[in-house]
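Residue-level listing of the chains:
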Amino acid sequence: MNKPTIILLQILTLFSCQKNVGRIDIANELRGNTYDMTSIGEKDTLTVEFKDSTYTVFEYSDKNLPWRIASFDNNDFLVFDRRVIAIQQKDKNSFKGLLIADKDYEIVFEKRKTQWNSELLNGIWIEEKNYYLRLNDTIPKPPPPPIPGISESDYKYPPSYEIKDDSIIASYDYQISKSKIGISNLTEFITMKLRSDNNKIEELWKIKTLNDSIMIIDRTIEKENKKFNFFTTTEKNIKLIKKR
(Lines give C-alpha, C1' and ligand atoms only; values in the text may rest on other atoms or scores of the structure.)
Protein backbone atom coordinates (compact mmCIF):
# COMPACT_ATOMS: atom_id res chain seq x y z
CA MET A 1 0.00 0.00 0.00
CA ASN A 2 1.55 3.32 -1.07
CA LYS A 3 2.01 6.35 1.18
CA PRO A 4 -0.83 8.55 -0.19
CA THR A 5 -3.30 5.68 0.34
CA ILE A 6 -2.12 5.16 3.93
CA ILE A 7 -2.43 8.88 4.64
CA LEU A 8 -5.96 8.97 3.21
CA LEU A 9 -7.04 5.98 5.32
CA GLN A 10 -5.58 7.65 8.42
CA ILE A 11 -7.54 10.80 7.68
CA LEU A 12 -10.79 8.88 7.16
CA THR A 13 -10.22 7.08 10.47
CA LEU A 14 -9.46 10.38 12.22
CA PHE A 15 -12.65 11.98 10.96
CA SER A 16 -14.92 8.92 11.28
CA CYS A 17 -15.69 9.79 14.90
CA GLN A 18 -17.77 12.67 13.55
CA LYS A 19 -20.28 10.40 11.82
CA ASN A 20 -22.97 10.73 14.45
CA VAL A 21 -22.52 14.46 14.90
CA GLY A 22 -25.02 16.72 13.16
CA ARG A 23 -23.61 17.58 9.74
CA ILE A 24 -23.17 21.18 8.68
CA ASP A 25 -22.99 22.57 5.18
CA ILE A 26 -19.30 23.55 5.18
CA ALA A 27 -19.49 25.07 1.71
CA ASN A 28 -22.27 27.39 2.85
CA GLU A 29 -20.30 28.30 5.99
CA LEU A 30 -17.20 29.26 3.98
CA ARG A 31 -18.92 31.01 1.11
CA GLY A 32 -18.96 34.81 1.35
CA ASN A 33 -16.55 34.90 4.30
CA THR A 34 -12.86 35.66 4.81
CA TYR A 35 -10.56 33.49 6.95
CA ASP A 36 -7.04 33.53 8.34
CA MET A 37 -5.60 30.21 7.11
CA THR A 38 -2.74 29.21 9.40
CA SER A 39 -0.33 26.33 8.95
CA ILE A 40 0.37 25.11 12.50
CA GLY A 41 3.83 23.64 11.86
CA GLU A 42 5.06 26.44 9.62
CA LYS A 43 3.35 29.23 11.64
CA ASP A 44 2.45 30.92 8.39
CA THR A 45 -0.88 32.76 7.93
CA LEU A 46 -2.64 33.71 4.70
CA THR A 47 -5.87 35.65 4.15
CA VAL A 48 -8.41 33.69 2.08
CA GLU A 49 -11.68 35.10 0.75
CA PHE A 50 -14.27 32.54 -0.39
CA LYS A 51 -16.64 33.56 -3.17
CA ASP A 52 -19.39 31.42 -4.72
CA SER A 53 -17.04 29.02 -6.50
CA THR A 54 -13.67 30.83 -6.48
CA TYR A 55 -11.29 32.08 -3.81
CA THR A 56 -8.54 34.67 -3.47
CA VAL A 57 -5.33 34.46 -1.44
CA PHE A 58 -4.44 38.14 -1.20
CA GLU A 59 -0.84 37.72 -0.09
CA TYR A 60 -0.09 35.91 -3.35
CA SER A 61 -2.51 37.85 -5.56
CA ASP A 62 -4.21 34.59 -6.55
CA LYS A 63 -7.44 35.66 -8.21
CA ASN A 64 -10.53 33.60 -8.96
CA LEU A 65 -9.06 30.16 -8.37
CA PRO A 66 -11.68 27.39 -8.00
CA TRP A 67 -12.72 25.75 -4.74
CA ARG A 68 -15.36 23.20 -3.72
CA ILE A 69 -16.29 20.80 -0.93
CA ALA A 70 -16.18 17.07 -1.68
CA SER A 71 -17.71 14.53 0.73
CA PHE A 72 -17.11 10.82 1.25
CA ASP A 73 -18.46 8.56 3.99
CA ASN A 74 -19.53 11.53 6.13
CA ASN A 75 -16.10 13.20 5.75
CA ASP A 76 -15.57 16.57 4.07
CA PHE A 77 -12.65 17.68 1.91
CA LEU A 78 -11.90 21.23 0.80
CA VAL A 79 -10.52 21.17 -2.74
CA PHE A 80 -8.37 24.27 -3.37
CA ASP A 81 -7.71 24.17 -7.10
CA ARG A 82 -5.51 21.00 -7.01
CA ARG A 83 -4.82 21.01 -3.28
CA VAL A 84 -6.93 18.89 -0.91
CA ILE A 85 -7.65 19.60 2.76
CA ALA A 86 -9.61 17.23 4.99
CA ILE A 87 -11.74 19.67 6.98
CA GLN A 88 -14.15 19.78 9.92
CA GLN A 89 -15.68 22.54 12.01
CA LYS A 90 -14.12 23.39 15.39
CA ASP A 91 -16.71 25.98 16.44
CA LYS A 92 -18.95 28.64 14.91
CA ASN A 93 -16.04 30.72 13.61
CA SER A 94 -13.27 28.23 12.91
CA PHE A 95 -12.34 25.00 11.12
CA LYS A 96 -9.44 22.59 11.35
CA GLY A 97 -8.01 20.36 8.68
CA LEU A 98 -5.11 18.50 7.17
CA LEU A 99 -3.53 19.59 3.89
CA ILE A 100 -2.63 16.46 1.92
CA ALA A 101 0.62 16.95 0.01
CA ASP A 102 4.17 15.55 -0.23
CA LYS A 103 4.39 16.81 3.34
CA ASP A 104 1.13 17.04 5.27
CA TYR A 105 0.22 20.20 7.19
CA GLU A 106 -2.28 20.84 9.96
CA ILE A 107 -4.38 23.85 9.00
CA VAL A 108 -6.66 26.13 11.04
CA PHE A 109 -9.21 28.53 9.53
CA GLU A 110 -10.31 31.46 11.73
CA LYS A 111 -13.10 33.72 10.44
CA ARG A 112 -12.22 37.38 10.15
CA LYS A 113 -14.67 40.12 11.14
CA THR A 114 -15.68 43.17 9.14
CA GLN A 115 -13.17 45.98 9.54
CA TRP A 116 -14.41 49.13 7.83
CA ASN A 117 -17.22 50.57 5.73
CA SER A 118 -16.17 50.54 2.06
CA GLU A 119 -17.96 53.88 1.52
CA LEU A 120 -15.15 55.54 3.50
CA LEU A 121 -12.85 54.82 0.55
CA ASN A 122 -14.65 57.17 -1.82
CA GLY A 123 -12.90 60.52 -2.28
CA ILE A 124 -9.52 62.04 -3.15
CA TRP A 125 -6.52 60.74 -1.20
CA ILE A 126 -3.06 62.32 -1.03
CA GLU A 127 0.07 60.80 0.49
CA GLU A 128 1.06 62.55 3.69
CA LYS A 129 4.47 63.50 2.26
CA ASN A 130 2.67 65.38 -0.55
CA TYR A 131 -0.41 66.63 1.32
CA TYR A 132 1.02 69.96 2.44
CA LEU A 133 2.71 70.73 -0.86
CA ARG A 134 1.26 73.65 -2.76
CA LEU A 135 2.22 74.86 -6.18
CA ASN A 136 4.00 78.22 -5.86
CA ASP A 137 2.27 80.55 -8.31
CA THR A 138 5.56 82.35 -8.93
CA ILE A 139 7.12 79.18 -10.29
CA PRO A 140 5.92 78.37 -13.79
CA LYS A 141 4.32 75.01 -14.39
CA PRO A 142 6.31 72.57 -16.49
CA PRO A 143 5.20 72.66 -20.11
CA PRO A 144 2.57 70.11 -21.11
CA PRO A 145 3.74 67.10 -23.12
CA PRO A 146 3.29 67.29 -26.90
CA ILE A 147 0.02 65.36 -26.79
CA PRO A 148 -3.10 66.72 -28.51
CA GLY A 149 -5.76 67.96 -26.08
CA ILE A 150 -3.42 68.48 -23.08
CA SER A 151 -2.81 72.02 -21.82
CA GLU A 152 -1.41 73.72 -18.70
CA SER A 153 -4.90 73.63 -17.13
CA ASP A 154 -4.60 69.83 -16.95
CA TYR A 155 -1.61 70.00 -14.58
CA LYS A 156 -2.27 68.11 -11.30
CA TYR A 157 -0.40 68.93 -8.11
CA PRO A 158 0.12 67.43 -5.61
CA PRO A 159 -0.17 63.80 -6.83
CA SER A 160 -3.41 62.17 -5.71
CA TYR A 161 -5.68 59.13 -5.92
CA GLU A 162 -9.41 59.44 -6.52
CA ILE A 163 -11.55 56.43 -5.60
CA LYS A 164 -15.09 56.10 -6.96
CA ASP A 165 -16.96 52.89 -6.17
CA ASP A 166 -15.24 50.36 -8.47
CA SER A 167 -12.43 52.50 -9.95
CA ILE A 168 -9.35 54.50 -8.97
CA ILE A 169 -7.61 57.37 -10.79
CA ALA A 170 -4.00 58.40 -10.11
CA SER A 171 -3.15 61.98 -11.11
CA TYR A 172 0.34 63.45 -11.13
CA ASP A 173 1.79 66.25 -13.24
CA TYR A 174 0.12 65.87 -16.62
CA GLN A 175 -0.39 62.14 -16.30
CA ILE A 176 -3.58 60.31 -15.40
CA SER A 177 -3.93 56.57 -14.93
CA LYS A 178 -7.21 54.76 -14.27
CA SER A 179 -7.93 51.21 -13.13
CA LYS A 180 -10.85 49.09 -12.10
CA ILE A 181 -10.58 47.96 -8.49
CA GLY A 182 -11.72 44.93 -6.53
CA ILE A 183 -12.56 45.50 -2.87
CA SER A 184 -12.48 42.49 -0.53
CA ASN A 185 -15.69 41.77 1.35
CA LEU A 186 -14.17 43.00 4.63
CA THR A 187 -12.65 46.12 3.02
CA GLU A 188 -9.14 44.98 3.92
CA PHE A 189 -7.68 44.67 0.43
CA ILE A 190 -8.00 46.59 -2.84
CA THR A 191 -6.76 44.97 -6.04
CA MET A 192 -5.90 47.08 -9.10
CA LYS A 193 -3.60 47.50 -12.09
CA LEU A 194 -2.68 51.17 -11.76
CA ARG A 195 0.32 52.83 -13.37
CA SER A 196 1.31 55.59 -10.97
CA ASP A 197 4.32 57.91 -10.79
CA ASN A 198 7.92 56.76 -11.32
CA ASN A 199 6.78 53.99 -13.68
CA LYS A 200 5.22 51.92 -10.88
CA ILE A 201 2.32 49.54 -11.37
CA GLU A 202 0.29 49.29 -8.19
CA GLU A 203 -1.38 45.90 -7.77
CA LEU A 204 -2.60 45.60 -4.19
CA TRP A 205 -3.37 47.82 -1.20
CA LYS A 206 -3.66 46.19 2.20
CA ILE A 207 -5.66 48.58 4.38
CA LYS A 208 -4.39 48.74 7.96
CA THR A 209 -6.31 51.83 9.13
CA LEU A 210 -9.32 53.57 7.59
CA ASN A 211 -11.56 56.39 8.77
CA ASP A 212 -13.14 59.48 7.20
CA SER A 213 -9.80 61.33 7.01
CA ILE A 214 -6.89 58.86 7.25
CA MET A 215 -5.97 55.63 5.46
CA ILE A 216 -2.79 53.65 6.15
CA ILE A 217 -1.85 50.95 3.65
CA ASP A 218 0.81 48.46 2.66
CA ARG A 219 1.20 48.92 -1.09
CA THR A 220 2.36 46.08 -3.38
CA ILE A 221 3.90 47.46 -6.56
CA GLU A 222 5.68 46.22 -9.64
CA LYS A 223 8.75 48.19 -10.74
CA GLU A 224 11.07 48.10 -13.71
CA ASN A 225 14.82 47.99 -13.07
CA LYS A 226 17.66 49.24 -15.28
CA LYS A 227 17.78 45.91 -17.11
CA PHE A 228 14.09 46.32 -18.06
CA ASN A 229 13.07 43.46 -15.80
CA PHE A 230 10.07 43.81 -13.49
CA PHE A 231 10.13 42.92 -9.81
CA THR A 232 7.52 43.12 -7.08
CA THR A 233 8.01 44.89 -3.78
CA THR A 234 5.85 46.11 -0.88
CA GLU A 235 5.93 49.61 0.57
CA LYS A 236 4.87 49.54 4.22
CA ASN A 237 2.70 51.94 6.24
CA ILE A 238 1.91 54.50 3.55
CA LYS A 239 -0.26 57.22 5.09
CA LEU A 240 -2.93 58.82 2.90
CA ILE A 241 -4.99 61.87 3.88
CA LYS A 242 -8.43 62.57 2.40
CA LYS A 243 -8.70 65.91 0.63
CA ARG A 244 -11.33 68.24 2.10
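Treat the numbers as computed from the prediction; the structure is a model and nothing was measured.

A. Unusual backbone geometry, seen in detail. Between Y157 and P158 the backbone carries a cis peptide bond, its omega angle lying at 0 degrees. Note that P158 resides in strand β10 (residues 156-164). A positive phi angle, close to 70 degrees, is found at N74, a residue other than glycine. Of note, N74 is situated in the loop between β4 (62-72) and β5 (75-80). For N74, a relative accessible area of 23% translates into the label partly exposed. Although it is not a glycine, D173 sits at a positive phi angle of roughly 55 degrees. Looking at the element boundaries, D173 is found in strand β11 (residues 167-173). Using a relative accessible area of 36% as the deciding quantity, one classes D173 as partly exposed.

B. View of the pairing of strand β12 (residues 175-180). In this sheet, β12 lies alongside β11 in antiparallel orientation, the contact comprising six bridges. If you follow I169 over to β12, its bridge partner there is K178. In sequence, β11 turns back onto β12 through a hairpin of one residue.

C. Representation of the nonpolar core within the structure. Counting 19 residues, the largest nonpolar core has L30, F50, W67, L78, F80 and F109 as its most contacted members. Those elements that place two or more of their residues in this core are α2 (26-30), β1 (34-39), β2 (44-50), β3 (54-57), β5, β6 (83-91), β7 (94-100) and β8 (105-111). Excluding anything up to four places from it in sequence, L30 contacts Y35, F50, W67, I69, L78 and F95.

D. Quick peek at the pattern of salt bridges. In this structure the tally under the stated criterion is 13 salt bridges. Its salt-bridge partner being D218, residue K236 comes within 3.8 Å of it at the nearest N-O pair. One end of the pair, K236, is in strand β17 (residues 230-242); the other, D218, is in strand β16 (residues 214-224), with 18 residues separating them in the sequence. A relative accessible area of 56% means that K236 is categorised as exposed.

E. Molecular detail of the layout of surface pockets. When its volume is computed, the largest pocket comes out at roughly 330 Å³. Elements represented by at least two residues in the lining of the largest pocket include exactly β1, β2, β3, β6 and β8. The element that contributes the greatest number of residues to the lining of the largest pocket is β1, accounting for three residues. Partitioned by chemical class, the residues of the lining of the largest pocket number 10 nonpolar, two polar and four charged.

F. Summary view of the environment of Q175. As for its placement among the helices and strands, Q175 is situated in strand β12. In sequence terms Q175 and Y155 are 20 residues apart; their C-alpha atoms lie 8.1 Å from each other.

G. Fine view of the confidence of the model for the protein. When pLDDT is averaged along the protein, the result is 84, and 83% of the positions lie at 70 or above. Of all helices and strands in the protein, the one with the weakest mean pLDDT is helix α1 (residues 3-15) (54), whereas strand β9 (residues 123-127) scores best (96).

H. Examining the packing of aromatic side chains more closely. Inspection of every chain in the model, using the stated rule, returns 11 aromatic pairs. Pairing Y35 with F109 gives two aromatic rings, centres 6.4 Å apart and planes at 85 degrees, and the pair type is edge-to-face. Here Y35 is found in strand β1, whereas its partner F109 is found in strand β8, with 74 residues between them in sequence. Both residues of the pair, Y35 and F109, belong to the buried class. On the numbers, 5.0 Å between centres and 85 degrees between planes, the contact of Y131 with Y132 is edge-to-face.

Reading the values: the criteria
- As a convention, each chain's residues are numbered from 1 in the sequence order in which they are written.
- Whole-chain, interface and lining totals are the exception, using all residues; otherwise, since this is a predicted model, local features are given only for residues with pLDDT of at least 70 and side-chain atom pairs are given and counted only at 80 or more.
- As a rule here, side-chain values come from all non-hydrogen atoms in the structure, and water together with hydrogens is ignored.
- Only runs of H or I of at least four residues qualify as helices and only runs of E of at least two qualify as strands under DSSP, and these elements are numbered from the N terminus.
- The buried label goes to any residue with under 20% of its type's maximum accessible area, the exposed label to any with over 50%, and the partly exposed label to all in between, with areas taken from a 1.4 Å probe on protein chains only.
- Here, strands pair whenever DSSP counts at least two bridges between them.
- Nine residue types can take part in a nonpolar core, namely buried Ala, Val, Leu, Ile, Met, Phe, Trp, Tyr and Cys, and a core is a set of them joined through side-chain atoms within 4.5 Å.
- Contacts are residue-level and defined by heavy atoms, with any inter-residue pair within 4.5 Å sufficient.
- Salt-bridge detection follows one rule: a side-chain nitrogen of Lys or Arg within 4 Å of a carboxyl oxygen of Asp or Glu.
- Both site types are read off a 1 Å grid over the protein atoms alone. A 1.4 Å probe that fits but cannot get out defines a cavity, while an open set with protein on both sides within 12 Å along at least five of seven lines defines a pocket; lining residues have an atom within 4 Å of a point.
- Grid points are joined across faces, edges and corners, and a volume is the space filled by probe spheres set on the points.
- In this classification, the charged set is Asp, Glu, Lys and Arg, the nonpolar set is Ala, Val, Leu, Ile, Met, Phe, Trp, Tyr, Cys and Pro, and all remaining amino acids, among them Gly, are polar.
- Per-residue confidence from the predictor is reported as pLDDT, a score between 0 and 100.
- Each pair of aromatic rings taken from Phe, Tyr and Trp, with Trp reduced to its six-membered ring, is defined by centres within 6.5 Å and is described as stacked if the planes are under 30 degrees apart, edge-to-face if over 60, and tilted in the remaining cases.

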